Amino acid sequence: MVKAYLRYEQASSFGVITSLESNISYDSTGKHVFAPALEKVGIWHVRQGICSKTLSPSSSRVGKSLAVTSIASSASTSVAVGYADGSIRIWDSEKGTCETTLNGHKGAVTALRYNKAGSMFASGSKDNDVILWDVVGETGLFRLRGHRDQVTDLVFMDDGKKLVTASKDKFLRVWDLETQHCMQIISGHHTEVWSVDVDPEEKYLVTGSADQELRFYAVKQNMPHGSMVSDSNANGVDASGDHHMNENKWEVLVPFGEIQRQTKDRVASVRFNNSGSLLACQMAGKTIEIFQVLDETEAKRKAKRRLRRKEKKSSKEDVAANGDASNEIEKADTVTVPTVPDVFKLLQVIRAGRKISSFSFCPITSKDSLATVALSLNNNSLEFYTLKGSENEKTATIEHQGHRSDVRSVALSADNALLMSTSHSEVKIWNPSTGSCLRTIDSGYGICSLIVPKSKYGIVGTKSGILEIIDIGSATKVEDVEAHGGTIWSIAPIPDDTGFVTVSADHEVKFWEYQVKKKADQEAKQLTVSNVRSMKMNDDVLAVAISPDAKHIAVALLDSTVKVFYVDSLKFFLSLYGHKLPVMCIDISSDGALIVTGSQDKNIKIWGLDFGDCHKSIFAHDDSVMGVKFVRNTHYMFSIGKDRLVKYWDADKFELLLTLGGHHAEIWCFAVSNRGDFLVTGSHDRSIRRWDRTEEPFFLEEEKEKRLEELFESEIDNSAENRHGSQDEIIEEGVAGLAKKTTVDVLSAADSIIEALEMAEIEKNRLAEYEEEKTRGKVPDLAPNVVMLGLSPSEFVLKTISKEKTNDLEHILLPLPFSDALKLLSYMESWSLIPEKVELVCRIATIVLQTHHNQLVTTPAARPILSVLRDILHAKVKESKDTIGYNLAAMDHLKQMMASRSDAPFRDAKAKLMEIRSQQAKRMEARLDTKTERKRKKKQKRLEDGTHGHAWA
């Protein structure tokens with residue numbers, strides 16, 4: 001009889017506020033921040049400081065390949081999220097649902113940006129490619145190739161008609177999206193270009209690299225003649241600007257100048273705020289430099305002042321050249337060319353306490369501040385700063401729901417209602433069911449921990465050798481006990497709940513007893529511990545376990561052996577040796593029959609505790625085994641490793657039952673519930689994950705087959721990546737290609753269509769035979785085909801194709817053999833009669849014609865089908881176009897009628913009025929400016945005339 005086991009699945013993941021691989025982004029309302037949390041995206045309410053929603057992908061892939069690497073929010077509720085496996089998911093942030101998944105990249109997505117309308121977005125990747133995506137059609141438009149290294153950032157310009165991309169290959173590229181080619185390559189950076197952005201008015205483009213300066217470029221295309229930027233160039237462009245324009249008509253970006261940065265760290269990101277009045281430059285350290293962007297009038301005024309100072313200085317130096325100086329001042333007044341320092345003024349520097357991962361400007365600005373900036377730090381926290389003039393103020397911090405560093409130990413209470421976790425500087429108490437953090441207590445570096453049974457206390461063993469006693473109820477540290485002279489590596493409760501055992505790097509094994517005492521300076525009685533026995537070993541002790549009958553104690557030493565002693569007399573009983581590297585973890589089964597050890601040599605060994613014989617040695621993980629634990633009252637056990645995996649074993653059959661992947665870094669610790677219905681793991685990625693036992697049974701053979709399939713799928717992906725990423729392949733300069741990539745899903749969809757065509761052909765033959773028999777004589781009624789759900793061959797094939805996404809059709813139909821493509825064309829005449837399927841039929845016909853053009857032309861059998869389709873499809877497409885046109889016209893008419901009845905024309909009047917007023921104010925300022933200049937010149941002329949007169953006299 002084949003035995004069935006119950007499956008464990010990941011139920012929840014908590015403890016991560018923000019991960020390092022991706023950027024953060026505000027939503028369009030400015031109330032929420034999208035923060036990456038490993039494979040999920042948390043939507044944090046800024047004011048309340050709580051995670052209101054989580055965008056969690058449902059995928060067969062797990063772990064690091066599914067990490068979020070880029071986030072871009074649009075003006076609507078949709079948000080695009082890029083992942084490490086190259087996929088992009090578009091989410092509805094209000095509903096929390098995934099609208100579509102787009103596959104095109106073969107490497108991690110490193111940059112995402114929507115155009116202003118939000119109708120399309122561009123993505124850049126580690127595979128050096130840029131892909132343009134249609135949001136409405138949910139499809140890839142085209143792929144842009146040309147960069148020689150990872151694409152780091154990109155930005156749309158000219159109403160989405162042009163795209164500027166930055167790369168680690170030290171070049172910027174400007175792409176014309178209408179003609180799909182590269183129109184300009186900008187060199188000059190000495191190191192990788194990490195970020196690029198353009199201001200909302202598209203006057204300036206700024207780039208950040210590891211160079212000591214920020215580089216600025218003037219955007220040429222939309223400049224009115226004689227404007228500030230058209231005249232300005234760091235290289236001293238001709239004032240007229242026309243000659244230069246004609247000379248380089250393809251140049252979109254012209255070098256404008258550069259600004260020295262304050263710090264030596266490389267630039268991580270540069271971004272303008274929504275109004276374009278501020279520019280933030282984030283370094284790959286703890287600082288963000290905020291620059292103020294001065295408007296045209298202010299910049300010209302600053303440039304004039306600068307020139308005047310320069311001329312005064314030169315006139316002082318050379319008194320004899322008075323006339324020349326005045327002439328030059330007059331010249332400076334007529335042609336003022338602002339440089340980068342005239343336009344961009346360093347306002348302030350934000351200094352965070354920890355390294356900054358990314359930042360985002362709030363799209364909504366309050367009246368009393370310049371801007372609000374959200375920062376994600378590398379210690380798993382979010383900070384919010386309000387910028388006021390040359391000062392900034394930290395207004396909020398989100399850090400309660402996660403550890404600042406990796407989780408080193410986890411412990412469950414006896415009733416499984418509380419979970420205690422320790423890290424570098426704090427202990428946190430969680431509700432393991434909801435994943436909410438209940439308490440945070442400051443502590444030392446906790447390496448191991450234990451919740452005292454039937455009590456509200458926790459015991460933490462630290463790196464410094466101190467035992468900390470924590471009162472969970474009041475969230476306070478009760479006492480620090482100087483326990484060991486080295487790191488306390490492991491702690492194990494004594495089965496009768498009277499105390500516990502600790503082992504340390506100081507070669508000591510110590511037995512402790514709980515006591516409740518009232519201290520002189522305290523009102524209530526508090527728990528304390530006292531050392532009752534100790535045992536000196538001859539090497540560092542790394543792990544300890546006590547048998548459930550409290551008869552034996554097993555300790556693991558640094559010399560790779562495990563020693564077993566009697567608990568009562570502490571006499572030596574057994575020595576277990578066989579591991580090549582130190583044993584990191586031990587556990588003894590509930591019946592005391594088996595002892596399991598996990599080591600740095602990646603092996604698990606199962607021993608009999610009666611004679612110390614090794615039953616089996618299993619190569620368990622691809623890296624050090626960090627923990628092993630039996631499920632209570634069974635011989636099933638779990639193991640965790642630095643290879644990020646949790647594995648479920650049958651210790652009697654020595655079989656691997658399940659592999660649970662999900663963590664993105666080494667798993668340090670775990671705890672199994674008393675009933676074995678769930679387990680909790682803590683990792684270097686700062687997440688705590690809960691895995692629940694489900695009611696779904698599984699069989700060992702099925703699981704083995706599944707693992708082989710996964711291996712096969714990963715090989716398909718790798719082979720595709722290897723084909724793509726061969727270094728010998730020379731990419732054609734600035735070319736466009738197909739946006740999609742072949743995935744396992746696409747291949748299986750192609751198989752299902754081929755299978756449907758074969759079944760339809762068999763059904764056709766069955767129907768033909770039936771009709772033939774019917775003509776000969778009486779036959780019973782034909783039974784419908786159950787496999788085809790009682791549908792006709794044509795309907796069945798259409799149903800199969802309609803299941804697939806239209807944007808995947810090109811890749812799905814590509815592997816179809818010519819004979820199957822002909823069969824597909826033969827069904828299209830009947831499909832085109834269904835009005836809602838006309839678009840699908842046209843798309844399929846176009847793909848088949850493009851793919852098999854040469855064979856169709858030379859195949860006489862295809863001509864009748866093609867001539868019929870030519871006549872039908874043109875008429876049907878025209879009919880559909882007419883219907884859509886009629887509906888659009890009707891909707892436009894309704895819109896006009898509604899507008900004439902409502903107050904819509906006056907709604908934007910206030911904004912328009914404000915705009916007109918600001919323009920008038922600017923004109924008045926300019927007039928006043930010119931008046932004062934005239935007066936100054938007249939005064940200067942009078943003075944000069946006076947001095948000449950005196951000299952003449």
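Just so you know, these numbers come straight off a predicted model, no measurement behind them.

What counts, and where the lines are drawn
- Residues numbered from 1 in each chain as written.
- Predicted model: local features only at pLDDT ≥ 70, side-chain atom pairs only at ≥ 80, totals over all residues.
- Heavy atoms only, no water.
- Helix = DSSP H or I, 4+ residues; strand = E, 2+ residues; numbered from the N terminus.
- Contact = heavy atoms within 4.5 Å.
- Buried < 20%, exposed > 50% of the residue type's maximum accessible area, 1.4 Å probe, protein only.
- Pairing = 2+ DSSP bridges.
- Patch = residues over 30% accessible without salt bridge, like charges linked within 9 Å, V, L, I, M, F, W, Y side chains within 5 Å.
- Areas by Shrake-Rupley, 256 points an atom, 1.4 Å probe, with all protein chains shown as cover.
- Salt bridge = Lys/Arg side-chain N within 4 Å of Asp/Glu carboxyl O.
- Lys, Arg positive; Asp, Glu negative; His and termini not counted.
- Charge placed at Lys NZ, Arg CZ, Asp CG, Glu CD.
- Axes fitted to C-alpha atoms, helices over the stretch in contact; angles between N-to-C directions.
- Phe/Tyr/Trp six-rings, centres within 6.5 Å; stacked < 30°, edge-to-face > 60°.
- Lys NZ or Arg CZ within 6 Å of the ring centre and 35° of its normal.
- Parallel < 35°, antiparallel > 145°, perpendicular 65-115°, else oblique.
- Nonpolar A, V, L, I, M, F, W, Y, C, P; charged D, E, K, R; others polar.
- Core = buried A, V, L, I, M, F, W, Y, C linked by side-chain atoms within 4.5 Å.
- Left-handed = near helix turned anticlockwise from the far one by under 90°.
- Expected span 1.5 Å × (residues − 1).
- pLDDT = per-residue confidence, 0-100.

Draft legend 1. The overall build of the protein, seen in detail. Within the protein one finds 15 helices and 57 strands. Taking the intrachain contacts of the protein between residues at least 6 apart in sequence as the baseline, contacts between residues at least 24 apart amount to 51%.

Draft legend 2. Broad picture of the pairing of strand β23 (residues 278-283). Among the 6 residues that make up β23, 6 are buried, leaving the element largely enclosed by the rest of the structure. Of the pairings in the sheet, the one linking strand β22 (residues 267-272) to β23 comprises 5 bridges and is antiparallel in character. Among the inter-strand pairings, S269 is bridged to a residue of β23, identified as Q282. Here β22 folds back onto β23, and the loop between the two strands holds 5 residues, one of which, G276, carries a positive phi near 80 degrees. Of the pairings in the sheet, the one linking β23 to strand β24 (residues 287-293) comprises 5 bridges and is antiparallel in character. Along β24, the bridge assignment pairs A280 with I290. With antiparallel pairing between neighbouring strands as the criterion, β23 and β24 make up a hairpin whose turn holds 3 residues.

Draft legend 3. Local environment of a negative patch on the surface. Taken together, the side chains of E701, E702, E705, E709, E710, E713 and D745 define an acidic patch exposed on the protein surface. The element contributing the most residues to the negative patch is helix α6 (residues 700-724), with 6 residues. Residue E713 is classed as partly exposed on the basis of its relative accessible area, which comes to 31%.

Draft legend 4. Main features of unusual backbone geometry. With a phi close to 55 degrees, D159 is a non-glycine residue in the positive phi region. Summarising the element assignment, D159 is placed in the loop between β14 (151-157) and β15 (162-167). Although it is not a glycine, L789 sits at a positive phi angle of roughly 60 degrees. Of note, L789 is situated in the loop between α7 (744-776) and α8 (793-803). For L789, a relative accessible area of 57% translates into the label exposed.

Draft legend 5. Quick look at the sheet that holds strand β1 (residues 4-14). If you walk across this open sheet you meet the 4 strands as β1-β56-β55-β54, and the pairing is antiparallel. The open sheet has two free edges, formed respectively by β1 and β54 (667-672), since each of these has just one partner strand. Here the average twist between neighbouring strands, direction ignored, is 30 degrees. With 5 bridges connecting them, β54 and strand β55 (residues 678-683) associate as antiparallel partners. Its bridge partner being in β55, V672 is matched across the sheet by L679.

Draft legend 6. Main features of the packing of aromatic side chains. The final tally for this structure, using the stated rule, is 19 aromatic pairs. Looking at R266, its charged tip hangs above the ring of W194, at a distance of 3.7 Å from the centre. When the ring centre of F678 is taken as reference, the NZ or CZ atom of R690 above it lies at 4.0 Å.

Draft legend 7. Focus on the side chain of K605. Within the fold, K605 resides in strand β48 (residues 603-608). Here K605 occupies a buried position and makes no salt bridge, while the nearest side chain of opposite charge, D601, is found at 5.8 Å. Look past the residues within four positions of K605 in its chain and what remains in contact with it is G578, H579, I595, V596, T597, C614, K616 and S617.

Draft legend 8. Geometry of the sheet that holds strand β41 (residues 526-536). The 4 strands are arranged β38-β39-β40-β41 in an open sheet whose pairing can be described as antiparallel. Single-partner strands in this sheet number two, and they are β38 (488-493) and β41. Direction aside, the axes of adjacent strands within the sheet are offset by 25 degrees on average. Note that strand β39 (residues 499-504) and strand β40 (residues 508-517) share 5 bridges and pair antiparallel.

Draft legend 9. Local environment of the pattern of salt bridges. A complete count under the given rule lists 29 salt bridges for this structure. The partner of K823 in a salt bridge is D820, and the shortest N-O contact between them spans 3.5 Å. Placement of the pair is K823 and D820 together in helix α10 (residues 818-831), with a separation of 3 residues, close to one helical turn. You can call K823 partly exposed: its relative accessible area is 23%.

Draft legend 10. Local environment of the packing of α8 against α10. With their axes 10 Å apart at the nearest point, α8 and α10 run at an angle of 100 degrees to one another. Classified by the interaxial angle, the pair formed by α8 and α10 is roughly perpendicular. Side by side, α8 and α10 meet where P793, S794, V797, L798 and I801 of the first sit next to L824, Y827, S830 and W831 of the second. In the contact of α8 with α10, the residues fall into 7 nonpolar, 2 polar and no charged.

Draft legend 11. How the structure looks around the side chain of S794. Secondary-structure assignment places S794 in helix α8. Ignoring anything within four residues of it in the chain, the contact list for S794 reads Y827, S830 and W831.

Draft legend 12. Seen up close, a positive patch on the surface. Together, R923, R927, K931, R934, K935, K937, K938, K939 and R942 give the surface a local cluster of positive charge. Among the secondary structure elements, K938 is positioned in helix α15 (residues 909-952).

Draft legend 13. Representation of the nonpolar core within the structure. In terms of nonpolar packing, the biggest core is built from 34 residues, with V797, I801, L813, L824, M828, W831 and I844 touching the most fellow members. Elements represented by at least two residues in this core include exactly α7, α8, α9 (809-813), α10, α11 (838-851) and α13 (863-901). If near-sequence neighbours (up to four positions away) are discounted, I844 is found in contact with I801, L809, L813, L824, M828 and W831. One finds L419, V646, F670 and V672 within the second-largest nonpolar core, a separate group that totals 32 residues.

Draft legend 14. Looking closely at the packing of α10 against α11. Running from amino to carboxyl end, α10 crosses α11 at an angle of 155 degrees, the nearest separation of the two axes being 10 Å. Relative to α11, the element α10 lies roughly antiparallel. Both α10 and α11 take part in a crossing whose hand is left-handed. In this structure, α10 contributes A821, L824, L825, M828 and W831 to the contact, and α11 contributes V841, I844, A845 and V848. Partitioning the contact of α10 with α11 into residue classes produces 9 nonpolar, no polar and no charged.

Draft legend 15. Representation of α13 in the model. Given a rise of 1.5 Å per residue, 39 residues ought to cover 57 Å, and the 57 Å separating the end C-alpha atoms of α13 matches this to within 8%. Looking only at α13, the buried set comprises L869, I872, L873 and K876.

Draft legend 16. Quick look at the pairing of strand β52 (residues 645-650). With 5 of 6 residues buried, β52 is to be regarded as a mostly interior element. The sheet contact formed by strand β51 (residues 636-641) and β52 spans 5 bridges and is antiparallel. In the sheet register, I640 faces β52, and the bridge partner there is V646. In this antiparallel pair of consecutive strands, β51 and β52, the connection spans 3 residues, and R644 shows a positive phi of 75 degrees. Looking at chain direction, β52 and strand β53 (residues 655-661) are connected through 6 bridges and run antiparallel. What sits directly across from K647, in β53, is T659.

Draft legend 17. Main features of α11. For α11, spanning 14 residues, the distance from its first C-alpha to its last is 20 Å, which sits close to the expected 20 Å at 1.5 Å a residue. Inspection of α11 places V838, L840, V841, C842, I844, A845, I847 and V848 among the buried residues, and these make up the whole buried set. Of the surrounding elements, those touching the buried residues of α11 are α8, α9, α10, α12 (853-857) and α13.

Draft legend 18. View of the environment of F611. Inspection of the secondary structure assignment puts F611 in the loop between β48 and β49 (614-619). Separated by 37 residues in sequence, F611 and L574 have C-alpha atoms that sit 7.7 Å apart.

Draft legend 19. Quick peek at the confidence of the model for the protein. Summarising the model, the protein shows a mean pLDDT of 85, and 89% of its residues fall at 70 or more. The spread of mean pLDDT over the elements of the protein runs between helix α1 (residues 228-231), the lowest at 41, and strand β42 (residues 541-546), the highest at 96. Below pLDDT 50 for its whole length, residues 223-247 participates in 37 contacts with residues either more than four positions away or in separate chains.

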